[in-house]
Amino acid sequence: MQPLDIKTIADENVDVIPVVPITNLKNTHFATVSALLYIIVMGMVYSYSAPATIDMHLPGSRFRGITPDEITWIASLPQISSIVGNTLSGESSFT
């Protein structure tokens, strides 16, 4: 028995059309770049709460008299709002 080779398979199936044409991948690349940018931006938003909490304690800050519990709520607002935003954007993608 002869081992199968890609060239042998291609020679036998000359009229086979690829599932996805290679030239129409522009939308795929756009979606990939968009998803990666989303990950980068969300990482920046989530990590900003660390220096922001320090700035809230500095003298002259507009957050005078803020309690640690309130700082925790302010720092967690991006995560809480992303639950709502991601749910709405996921739901709108089905329509």
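Residues numbered from 1 in each chain as written. Predicted model: local features only at pLDDT ≥ 70, side-chain atom pairs only at ≥ 80, totals over all residues. Heavy atoms only, no water.

- The name recorded for the protein in an unreviewed UniProt entry is Facilitated trehalose transporter Tret1, from Caerostris extrusa.

## Concerning helix α3 (residues 49–57)
Working step 1: Among the residues of α3, Ser49, Ala52, Thr53 and Met56 are the ones counted as buried. With its buried residues spanning 100° around the axis, α3 presents them on a single face. The exposed residues of α3 that point more than 90 degrees off its buried face are Ile54 and His57.
Working step 2: Buried residues in α3 make contact with α2 (26–47) and α4 (68–92). (Buried < 20%, exposed > 50% of the residue type's maximum accessible area, 1.4 Å probe, protein only. Helix = DSSP H or I, 4+ residues; strand = E, 2+ residues; numbered from the N terminus. Arc of directions from axis to C-beta. Contact = heavy atoms within 4.5 Å.)

## Some points on the side chain of Ser61
Working step 1: Take Ser61: it is sitting in the loop between α3 and α4.
Working step 2: A residue is classified by how much of its surface remains accessible, and Ser61, at 10% relative accessible area, is buried.
Working step 3: Of the polar contacts made by the side chain of Ser61, one reaches the backbone oxygen of Asp55; its length is 3.5 Å.
Working step 4: Within the structure, the side chain of Ser61 is placed 3.2 Å from the backbone nitrogen of Phe63, a separation counted as a polar contact.
Working step 5: For Ser61, the residues in contact, after removing those within four places along its chain, are Asp55 and Met56. (Polar contact = N/O pair within 3.5 Å; in protein donor to acceptor, adjacent residues only side chain to side chain.)

## Remarks on the UniProt feature "transmembrane region" (unreviewed entry) in the protein
Working step 1: UniProt's feature table lists "transmembrane region" (unreviewed entry) at residues 35–54, given in the numbering used throughout.
Working step 2: End C-alpha to end C-alpha, residues 35–54 measures 31 Å, and it is 95% helix and 0% strand. (UniProt positions renumbered as here; feature names shortened; annotations may be inferred.)

## Focus: the packing of α2 against α3
Working step 1: For the pair α2 and α3, interaxial distance at closest approach is 5 Å and the crossing angle is 25°. By the angle between their axes, α2 is roughly parallel relative to α3. Facing Val45, Tyr46 and Ser47 of α2, the residues of α3 in contact are Ser49, Ala50 and Pro51.
Working step 2: Residues belonging to the contact of α2 with α3 are distributed by class as follows: 4 nonpolar, 2 polar and no charged. (Axes fitted to C-alpha atoms, helices over the stretch in contact; angles between N-to-C directions. Parallel < 35°, antiparallel > 145°, perpendicular 65-115°, else oblique. Nonpolar A, V, L, I, M, F, W, Y, C, P; charged D, E, K, R; others polar.)

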